[in-house]
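# Survey of secondary and tertiary structure
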Amino acid sequence: MTHPENSIPWWQRATIYQIYPRSFKDTNGDGIGDLNGILEKLDYLEELGIQAIWLSPFYPSPMADFGYDVSDYCDVDPLFGDLATFDALLDAAHLRSIKVIIDWVPNHTSDQHPWFIEARSGRDNPKRDWYIWRDPKPDGSEPNNWGSLFGGPAWTLDRLTGQYYLHQFVKEQPELNWRNPGLRAAMLDTLRFWLKRGVDGFRMDVVGLIIKDKQLRDNPPDPGASADLPANDLFGRQLHVYNDDQDEVHAVIREIRKVLDEFDDRCGIGELFGELPRWVRYYGERGDELQLPFNFRLIYKPWQAGAIRRSVDKMEAALPDFAWPNYVLGNHDQPRLASRLGGQPQARLAAMLLLTLRGTPTLYYGDELGLENGIIPPEKIQDPVGKNLGPARTRDVERTPMQWSSEPYAGFSSLEPWLPVSADYATRNVASQAKDTKSILNLYRQLLHLRRETPALYRGRYETLDAGASDCFIFLREFEGSGCIILLNFSAEAHQVTLPKGMRGKILLSTYLDRPGERIRKETFNGLTLRAHEGLILETELQQ
Ligand code: GLC
Ligand code: CA
């Protein structure tokens, strides 16, 4: 039986490309990327083969956390452009069949948001309860022991009113009280504002945190916490029993989903962590919560065939029938993929893994060039995490300017960018990799186009095959008798792999881009050699 193409929702078909707007392309020479820059680069994105972009926040913001401190949910910061530019970007993306997902930050606002300015003006202010306030303990200390993810306690005393307010990030990010119906309605309206403009979905920032324990009880210490944590990392020393993943959050997420469903075809993505059995609940018991709770699991696994395979198999086994998987390997909070995995061949293998698994892949800008962690001199650190918890933790390293060309500042800007351009830009850039037929950029392009055109890859079932070599992860993707076999060698040594009897086919792609069309006859299936860090995609016919 064939299914009409349009029966697959776009967010299952698409590969999502995350753009960190500050660092993508500057068009007015202030050293900071802008919406117009994204607009200018849509041709590049279309050619790359992605089908959706997710924009990290571009809202008005004092930038204490580079836009994750929002002072107006319904506008564009002048640094990035204005609403008219946003609309133009949205239209231009849609013309190219590229969906647009925007970031939505429901857990906290900026301390400069008018709501917080009102709330902090007096205990009786009607907006007071839109945030989380508590009296000090009798000795004047914080209401409970919670720590901030960005260092220090999660509470700051407001002198004027003598109460503490909660913030699990920097103190300029006071947390909203989603138990208050007025706040809830106001936040849901911010979604409608963008849905009416035509955005296709939201990536919801730390959405698992928006409901806290009603009694705000102390978190227990984490007996497994590392001994080397910085002294002010209180958060890292606790188990997050009362500040995160409360059962009551699901009712709120169902309400959020209902707002998305007031419009056709919109998608909710959540930044969610935690153990698989609890994490999977964010799809909703009947698929009535988020279509894509981000799956970050592979980021935290060692880069070994067995560990990666087990993570994928567990995910496949844990998902109910209605739930669609997804995979993420990098973002603006994680060290660059190529640095984390230890080299370019590994980064190429990661590209093949991500773009052949069953489920929606999310790419991070620059990973298609194999960008590595930037080197940020201590005095140039911008990220509050780097400033508060030490340079080793700074997220600036994965936010360096996109490398477009070998021109000054990598063609990102005509003036010195907000973060230093990586030293390798003269050779590692879009212009030079576009010309090099074996570059990682061309690998990404070929993978993305192959995935788009191949039903087995974008919708087929997934089955692990026995590798006969523990360093290799081999799996099948199959749809209506057409299949792809993906063979990934995670080690620095060559390996011979064996495949099930009776399979034949040809190589569609090697991560080294040097053996297309190589036919694999029946006999050689039993002795196919994968070079160090090599990944292969084989096309195969299967007996029905
Ligand atoms: C999320 C974002 C991160 C931000 C934090 C606070 O984890 O991905 O960049 O700093 O939330 O909004
Ligand atoms: Ca700019």
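Residues numbered from 1 in each chain as written. Chains lettered and ligands numbered in written order. Predicted model: local features only at pLDDT ≥ 70, side-chain atom pairs only at ≥ 80, totals over all residues. Heavy atoms only, no water.

### Side note on the overall build of the protein
The secondary structure content of the protein amounts to 15 helices and 19 strands. Taking 24 Å as the expected radius of gyration for a compact globule of 544 residues, we find that the protein reaches 24 Å, a close match to that expectation. When its C-alpha atoms are laid out on the principal axes, the protein stretches across 80 × 50 × 50 Å. Burial statistics for the protein: of 544 residues in total, 60% are counted as buried. Within the protein, contacts between residues at least 6 apart in sequence are counted, and of these 69% link residues at least 24 apart. (Helix = DSSP H or I, 4+ residues; strand = E, 2+ residues; numbered from the N terminus. Rg over C-alpha atoms; globule rule 2.2 N^0.38 Å. Buried < 20%, exposed > 50% of the residue type's maximum accessible area, 1.4 Å probe, protein only. Contact = heavy atoms within 4.5 Å.)

### Focus on the sheet that holds strand β1 (residues 16–19)
A sheet is described by the order of its strands in space; here 8 strands give the open sequence β9-β8-β7-β3-β2-β1-β11-β10, paired in parallel fashion. Edge positions in the sheet fall to β9 (292–293) and β10 (326–328), since each of these pairs with one other strand and no more. Across 4 bridges, the pairing between strand β7 (residues 201–204) and strand β8 (residues 267–270) is parallel. Within the sheet, the bridge partner assigned to R203 lies in β8 and is I269. Packing of helix α7 (residues 249–260) onto the sheet brings it into contact with β3 (99–104), β7 and β8, and relative to β7 it is tilted by some 160°. (Pairing = 2+ DSSP bridges. Axes fitted to C-alpha atoms, helices over the stretch in contact; angles between N-to-C directions.)

### A word on α7
When the terminal C-alpha atoms of α7 are compared, their 17 Å separation across 12 residues agrees well with the 16 Å that a helix rising 1.5 Å per residue should span. Here α7 has its buried residues at V249, H250, V252, I253, I256, R257, V259 and L260. When α7 is viewed along its axis, its buried side chains cluster within an angular range of 165° and face the same direction. Buried residues in α7 make contact with β3, α6 (181–197), β7 and β8. (Expected span 1.5 Å × (residues − 1). Arc of directions from axis to C-beta.)

### Digging into helix α11 (residues 344–354)
Among the 11 residues that make up α11, 10 are buried, leaving the element largely enclosed by the rest of the structure. Every buried residue of α11 is accounted for by Q344, Q346, A347, R348, L349, A350, A351, M352, L353 and L354.

### Looking at the packing of α6 against α7
Where α6 meets α7, the axes come as close as 10 Å, and the angle between the chain directions of the two elements is 30°. In terms of orientation, α6 lies roughly parallel with respect to α7. When the axes of α6 and α7 are compared, the crossing they make is right-handed. Between α6, through R184, L188, L191, R192 and L195, and α7, the contact on the second element is made entirely by V252, E255, I256, V259 and L260. Class assignment of the residues belonging to the contact of α6 with α7 gives a composition of 7 nonpolar, no polar and 3 charged. (Parallel < 35°, antiparallel > 145°, perpendicular 65-115°, else oblique. Left-handed = near helix turned anticlockwise from the far one by under 90°. Nonpolar A, V, L, I, M, F, W, Y, C, P; charged D, E, K, R; others polar.)

### Considerations on the side chain of T15
Structurally, the position occupied by T15 is in the loop between α1 (10–13) and β1. Filtering out sequence-adjacent residues up to four positions away, T15 remains in contact with I50, Q51, A52, L355, P361, L363, L448 and R451.

### Thoughts on the coordination of the calcium ion (ligand 2)
Here the calcium ion (ligand 2) is held by D26 (OD), N28 (OD1), D30 (OD), I32 (O) and D34 (OD), and the distances to it run 2.2 to 2.4 Å. Within one chain, the residues serving as donors to the calcium ion (ligand 2) are arranged as D-x1-N-x1-D-x1-I-x1-D. Residue classification places D26 among the buried positions, given a relative accessible area of 4%. (Donors = N, O, S within 2.8 Å, 3.2 Å for Na, K, Ca; no water.)

### Quick word on the site of ligand 1
Inspection of the region around ligand 1 gives 14 residues, with D65, D205, E271, H332 and D333 positioned closest. Within the side chain of D65, one N or O atom sits 2.5 Å away from an oxygen atom of ligand 1. Between ligand 1 and the protein, one listed contact pairs an oxygen atom with a side-chain N or O atom of D205 at 2.7 Å. Class assignment for the residues of the shell around ligand 1 results in 4 nonpolar, 3 polar and 7 charged. (Near = heavy atom within 4 Å. Polar contact = N/O pair within 3.5 Å; in protein donor to acceptor, adjacent residues only side chain to side chain.)

### Quick notes on the domain arrangement of the protein
Taken as a whole, the protein is organised into domain 1 (4–107 + 180–449), domain 2 (114–166) and domain 3 (461–541). For domain 1 versus domain 3, the separation of C-alpha centres amounts to 31 Å. On the domain 3 side, the residues contacting the 25 residues of domain 1 number 24 residues. Across the domain 1-domain 3 interface, the total number found is 0 salt bridges. Between the two partners, domain 1 and domain 3, sit 5 residue pairs in polar contact (both at pLDDT 80 or more). (Domains from an automatic or database assignment. Salt bridge = Lys/Arg side-chain N within 4 Å of Asp/Glu carboxyl O.)

### Some words on empty space enclosed by the protein
For the structure shown, the criterion picks out 1 cavity of 30 Å³ or more. The calculated volume of the largest cavity comes to roughly 30 Å³. Forming the boundary of the largest cavity are L329, G330, L337, L354, T362, L363, Y364, D367 and Y444. Here the lining of the largest cavity takes 3 residues from strand β11 (residues 360–364), the largest share from any one element. Class assignment of the residues belonging to the lining of the largest cavity gives a composition of 6 nonpolar, 2 polar and 1 charged. (1 Å grid on protein atoms, 1.4 Å probe; cavity = no way out; pocket = protein on both sides within 12 Å on 5 of 7 lines; lining within 4 Å. Points joined across faces, edges and corners; volume = space filled by probe spheres on them.)

### Describing the side chain of S422
Of note, S422 is situated in the loop between α12 (384–389) and α13 (430–435). Setting aside its immediate chain neighbours within four residues, S422 contacts E372, G374, T400 and Q403.

### Some words on the packing of aromatic side chains
Counted by the stated rule, this structure contains 30 aromatic pairs. Pairwise contacts between aromatic rings join F58, Y59, Y73, F86, W115, W130, F193 and W194 into one cluster. Taking NZ or CZ as reference, R22 lies 4.3 Å from the ring centre of W418, over its face. Above the ring of W404, the side-chain terminus of K41 is found at 4.1 Å from the ring centroid. (Phe/Tyr/Trp six-rings, centres within 6.5 Å; stacked < 30°, edge-to-face > 60°. Lys NZ or Arg CZ within 6 Å of the ring centre and 35° of its normal.)

### Some points on the sheet that holds strand β5 (residues 155–158)
Remark on secondary structure: sheet strands pair via backbone hydrogen bonds, oriented parallel or antiparallel. Taken in spatial order, the 3 strands make up an open sheet running β4-β6-β5, and their pairing is antiparallel. A single partner strand is all that each edge strand has here, and the edge strands are β4 (133–134) and β5. Taken together, the 4 bridges between β5 and strand β6 (residues 163–166) define a ladder with antiparallel strand orientation. Note on β6: the bridge partner recorded for T156 is Y165.

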